[in-house]
Amino acid sequence: MLRILNKIRKTSIVTEPRPTTGEAALDEISERLREGVARRFRGSLAIRAVDAGSCNGCELEIHALNNSFYDVERFGIHFVASPRHADLLLITGPATVHMETALLRTYAATPDPKLVVAVGDCAACGGEFGCSYASRGGIANVLPVDAVIKGCPPTPQALMEGLLEALEKPRR
Amino acid sequence: MNPFDWLSELLARFQDEHILVQRGSAIALAPAHLLGIDPEDWGRAAQTAAAYDCRWAGIWAEERGETLQVNAVLVRNGDHLVLRTAIPAGAPRLDSHTPYFPGADRMERHLRDLFGVDFSDHPDPRRWSRHNRWPEEAHPLRKSFAADQAPLPPQPEEDYAFIPVQGAGAYEIPVGPVHAGIIEPGHFRFLAVGETVLNLEERFGYTHKGIEKIAEGRDAFGLARLAGRVCGDTTVHHAWAACMAMERAARLAPPPRAVALRALLAERERIANHLGDIGAICNDVGFAFAQYQFSRLRELWQRDSAACFGHRLMMDAVIPGGVAADPDTPQLQRLRDGNARLRQELPGLYPILDDHPSLEDRLVTTGVLAPETARRLGVLGYMAKASGIDIDLRRDHPYAPYDHLPVATPLFSAGDVAARMKVRMEEILHSLELLDKLLDELPPGEVQRDWRAPAADSEGLGLVEGWRGEILTYVRFGSDGRVARFFPRDPSWFNWPALEQLIHGNIVPDFPVCNKSVNGSYSGQDL
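Residues numbered from 1 in each chain as written. Chains lettered and ligands numbered in written order. Predicted model: local features only at pLDDT ≥ 70, side-chain atom pairs only at ≥ 80, totals over all residues. Heavy atoms only, no water.

Draft legend 1. Structural context of unusual backbone geometry. In this structure, proline 113 of chain A follows aspartate 112 of chain A across a cis peptide bond, with omega equal to -10°. One non-glycine residue, asparagine 56 of chain A, adopts positive backbone phi at about 90°. Examined against the element boundaries, asparagine 56 of chain A turns out to sit in the loop between β1 (45-51) and α3 (57-64). Relative accessible area serves as the criterion here: at 9%, asparagine 56 of chain A is assigned to the buried category. A positive phi angle is found at methionine 314 of chain B, which is not glycine, with a value near 65°. By secondary structure assignment, the location of methionine 314 of chain B is in the loop between α8 (288-309) and β11 (318-319). (Helix = DSSP H or I, 4+ residues; strand = E, 2+ residues; numbered from the N terminus. Buried < 20%, exposed > 50% of the residue type's maximum accessible area, 1.4 Å probe, protein only.)

Written as structure tokens, this is what we have:
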């Protein structure tokens with residue numbers, strides 16, 4: 001136990017007050033994200049991540065949002081296990097034909113009002129997989145999408161910016 | 001022992017069984033040997049190979065005019081043998097290898113779904129890769145099937161015939177395809193009594209993106225990009241396997257510096273994934289401390305990758321003829337510093353994981369994969385090494401630059417979640433050794449040779465030891481340097497079925513940690 005406490009003490013807090021490697025404009029993103037969540041979701045934004053057929057690259061970077069550098073939970077953003085608890089669907093991958101039914105059901109199970117954010121180039125437009133016999137391409141071909149976060153995969157910072165964009169958009 | 005010393009014995013056994021072998025070649029698919037056999041001997045050849053303790057490593061087909069060419073791979077002592085046969089495309093029928101190699105089950109069903117091959121004695125008639133959005137006669141990898149052919153309208157998943165629940169107190173738990181965590185989609189069907197899992201069946205194919213079909217007609221660089229997205233966490237290894245296959249087809253050797261940089265990228269990928277997995281395994285039994293520490297180390301590691309190779313996952317770094325990035329001296333120093341950081345931190349963290357009673361309580365004896373089951377299924381990578389199977393391509397059949405590197409591999413026999421985590425912990429240390437050596441001895445020179453498209457019909461096999469285990473990739477070129485056939489075989493094909501076995505008798509709440517310890521790729525096997 002002492003070893004654990006000692007390691008925690010030595011590691012200290014690595015959470016970055018703001019993303020450090022991007023442009024100066026990113027300075028305010030964290031703060032605006034916090035404000036956006038506070039204003040629109042009373043300080044608590046529940047996200048349900050749905051993989052509609054991705055290669056798992058986007059999932060790795062969404063995971064990174066929860067590591068101690070980004071720690072999006074400090075903005076009131078948390079990932080939930082059921083679409084029924086979610087305010088926002090974070091959808092990755094091209095919409096595969098085999099996931100279309102499950103995706104539509106997940107959308108239907110998410111209570112209104114809800115936001116849909118398509119994550120990654122595949123979710124934006126089909127990406128490297130495009131439209132084919134097995135892929136319907138971008139998520140917008142299956143569901144109404146509020147915001148798109150491009151990148152293959154998008155970095156955790158890009159994900160934070162994209163979430164912000166979704167929050168600051170006027171309601172549909 | 002020399003490579004393929006065992007082959008004469010297998011051929012003698014084939015002869016005893018009156019299995020006719022033709023068109024043997026040690027060059028066509030080098031370093032693998034190629035053997036042509038008659039379709040009527042297909043099943044017996046597998047039976048004979050199974051009796052001779054060969055490992056079964058994959059099957060793929062290709063429509064070539066009036067015939068369907070089918071290839072299966074057998075491995076012994078790290079040497080790969082490709083069996084090839086041709087059957088009429090109009091009425092494709094073959095004996096199944098599944099009765100002798102259970103690990104062949106899903107890949108044969110994949111072939112049946114996508115090509116319409118009738119494996120008449122296959123024990124499982126259910127569809128695998130092609131769900132009910134496709135009519136019975138639609139086989140997407142046949143030439144007559146257009147790549148943009150529209151599916152049937154959305155409809156519920158067919159009534160997949162899971163093993164039905166029987167007996168008082170037994171019940172089913174359906175899970176997925178949309179899971180609770182931030183993970184890929186797939187369906188798990190549990191049969192349970194109380195908390196104990198009686199049986200688990202996996203149902204995959206949800207991320208089937210038609211990768212094999214959309215690969216057709218791409219140029220070499222387009223294929224490398226696609227290969228790097230077969231499975232995002234294995235982007236380096238899959239791109240390397242595809243480029244290796246293409247370069248062998250084109251008889252083109254990448255320059256020494258590129259080869260060393262590829263291994264550097266690959267070992268970085270291995271470490272990144274293992275760091276993430278160790279944290280996640282601990283997190284699945286509520287030990288959040290490890291998750292915070294290891295995800296922190298992983299993040300720092302990914303930042304180093306981004307700074308030196310322009311991408312946090314190192315996507316598109318491996319390209320035909322070489323690599324896309326050539327780190328300069330300060331960047332290489334940053335990589336060295338990254339290694340030093342891990343070397344400094346891990347010795348403090350590992351003893352905590354080793355000694356923590358609550359971890360031991362949950363991980364030791366959980367999800368045991370017996371060595372015999374592991375061997376029967378042909379599992380790969382850390383799954384094999386945790387269950388007493390000592391295989392690693394980098395050492396058993398070294399490809400450049402591993403032929404000049406000392407590859408040490410861990411081996412455990414317990415086969416439980418703890419052993420699979422231990423393999424990862426040890427492999428990180430071994431990979432750090434390799435990285436230091438690669439950085440110290442990085443050859444000078446160019447990092448890319450000009451790509452030249454090979455002649456029509458050239459083919460090649462790429463074989464690399466991915467972080468999950470052996471990856472085998474087949475590429476054949478058509479005319480104009482365009483790809484005619486691409487088949488990337490991820491190790492997950494063999495590791496997923498092991499999860500169904502190792503979960504028996506465990507409690508349902510231990511499934512997440514068992515699953516994490518296997519960490520199969522959905523996308524890599526759904527294709």
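From this point on, the discussion continues.
Draft legend 2. Quick look at the layout of surface pockets. Residues and elements named next belong to chain B. Put simply, the second largest pocket is a space of about 640 Å³. If you trace the second largest pocket, you find 30 residues lining it, with Asp53, Cys54, Arg55, Val75 and Arg375 closest to the centre. Broken down by secondary-structure element, the contributors of at least two residues to the lining of the second largest pocket are β3 (55-64), β4 (67-76), α11 (371-377) and α13 (393-396). Here the lining of the second largest pocket takes 5 residues from α11, the largest share from any one element. Residue composition of the lining of the second largest pocket, by class: 14 nonpolar, 5 polar and 11 charged. (1 Å grid on protein atoms, 1.4 Å probe; cavity = no way out; pocket = protein on both sides within 12 Å on 5 of 7 lines; lining within 4 Å. Points joined across faces, edges and corners; volume = space filled by probe spheres on them. Nonpolar A, V, L, I, M, F, W, Y, C, P; charged D, E, K, R; others polar.)

Draft legend 3. Focus on the domain arrangement of chain B. Residues and elements named next belong to chain B. When its domains are assigned, chain B resolves into domain 1 (7-119) and domain 2 (211-526). Taken together, the 28 residues of domain 1 in the interface contact 29 residues of domain 2. Both sides of the domain 1 and domain 2 interface together cover about 2,500 Å² of buried area, and 57% of this is carbon and sulfur. Residue glutamate 62 is joined to arginine 476 by a salt bridge in which the shortest nitrogen-to-oxygen separation is 2.4 Å. Joining domain 1 to domain 2, the criterion identifies 11 residue pairs in polar contact (both at pLDDT 80 or more). Secondary-structure elements contributing two or more residues to the side of domain 1 that touches domain 2 are β3, β5 (79-88) and α3 (105-115). With 9 residues, the top contributor of residues to the side of domain 1 that touches domain 2 is β3. When its residues are assigned to classes, the side of domain 1 that touches domain 2 shows 16 nonpolar, 6 polar and 6 charged. (Domains from an automatic or database assignment. Contact = heavy atoms within 4.5 Å. Buried area = accessible area lost by both parts, 1.4 Å probe. Salt bridge = Lys/Arg side-chain N within 4 Å of Asp/Glu carboxyl O. Polar contact = N/O pair within 3.5 Å; in protein donor to acceptor, adjacent residues only side chain to side chain.)

Draft legend 4. Structural context of the packing of aromatic side chains. Residue and element names in this part refer to chain B. As enumerated under the stated definition, the model contains 22 aromatic pairs over all chains in all. Seen in terms of ring centroids, tryptophan 128 and phenylalanine 204 are 6.0 Å apart; in terms of plane orientation they differ by 65°. Their pairing is edge-to-face. Placement of the pair is tryptophan 128 in the loop between β7 (118-119) and β8 (170-175) and phenylalanine 204 in the loop between β10 (196-203) and α4 (211-215), with a sequence separation of 76 residues. What makes tryptophan 128 buried here is its relative accessible area of 1%. In this structure phenylalanine 204 comes out as buried when scored by relative accessible area, which is 0%. These aromatic residues form a ring-pair network of at least three members: Trp128, Phe188, Phe190, Phe204, Trp496, Phe511 and Tyr522. Of note, arginine 76 hangs over the ring of tyrosine 52, and the distance from its end group to the ring centre comes to 4.0 Å. (Phe/Tyr/Trp six-rings, centres within 6.5 Å; stacked < 30°, edge-to-face > 60°. Lys NZ or Arg CZ within 6 Å of the ring centre and 35° of its normal.)

Draft legend 5. Local environment of the interface of chain B and chain A. Opposite the 64 residues of chain B that make contact, chain A presents 50 residues. Counting across the interface, chain B meets chain A through 6 salt bridges. With its nearest N and O atoms 3.1 Å apart, the salt bridge here joins glutamate 100 of chain A to arginine 133 of chain B. Counting only elements with at least two residues in the side of chain B that touches chain A, the list comes to α4, α5 (220-227), α8 and α9 (329-355) of chain B.

Draft legend 6. Representation of α8 of chain B. Residue and element names in this part refer to chain B. With 22 residues, α8 extends 31 Å between its outermost C-alpha atoms, agreeing within 8% with the 32 Å of an ideal straight helix rising 1.5 Å per residue. When you tally the buried positions in α8, you get 17 out of 22 residues, the bulk of the element. Glycine 310 sits one or two positions beyond α8 and adopts a positive phi of about 75°. (Expected span 1.5 Å × (residues − 1).)

Draft legend 7. Summary view of the sheet that holds strand β2 (residues 77-79) of chain A. Residue and element names in this part refer to chain A. Strand order in the open sheet formed by 5 strands is β2-β1-β3-β4-β5, and the pairing between neighbours is parallel. Here the strands that pair on one side only, and so sit at the sheet edges, are β2 and β5 (147-149). Strand-to-strand twist in this sheet, taken as the mean axis angle between neighbours without regard to direction, amounts to 30°. With 3 bridges connecting them, β1 and β2 associate as parallel partners. Bridge pairing in β2 links alanine 46 to histidine 78. Across the sheet, α3 touches β1, β2, β3 (88-92) and β4 (115-119), and the angle it forms with β3 is around 140°. (Pairing = 2+ DSSP bridges. Axes fitted to C-alpha atoms, helices over the stretch in contact; angles between N-to-C directions.)

Draft legend 8. Local environment of a nonpolar patch on the surface. On the surface, Met1, Leu2, Leu5 and Ile8 of chain A cluster together to form a nonpolar patch covering roughly 470 Å² of accessible area. Judged by its relative accessible area of 66%, methionine 1 of chain A is exposed. (Patch = residues over 30% accessible without salt bridge, like charges linked within 9 Å, V, L, I, M, F, W, Y side chains within 5 Å. Areas by Shrake-Rupley, 256 points an atom, 1.4 Å probe, with all protein chains shown as cover.)

Draft legend 9. Local environment of the environment of glycine 176 of chain B. Residues and elements named next belong to chain B. Examined against the element boundaries, glycine 176 turns out to sit in the loop between β8 and β9 (187-193). Of the residues examined, glycine 176 reaches a relative accessible area of 29% and is grouped as partly exposed. When residues no more than four places from it in sequence are discounted, the contact partners of glycine 176 are Gly186 and His187.

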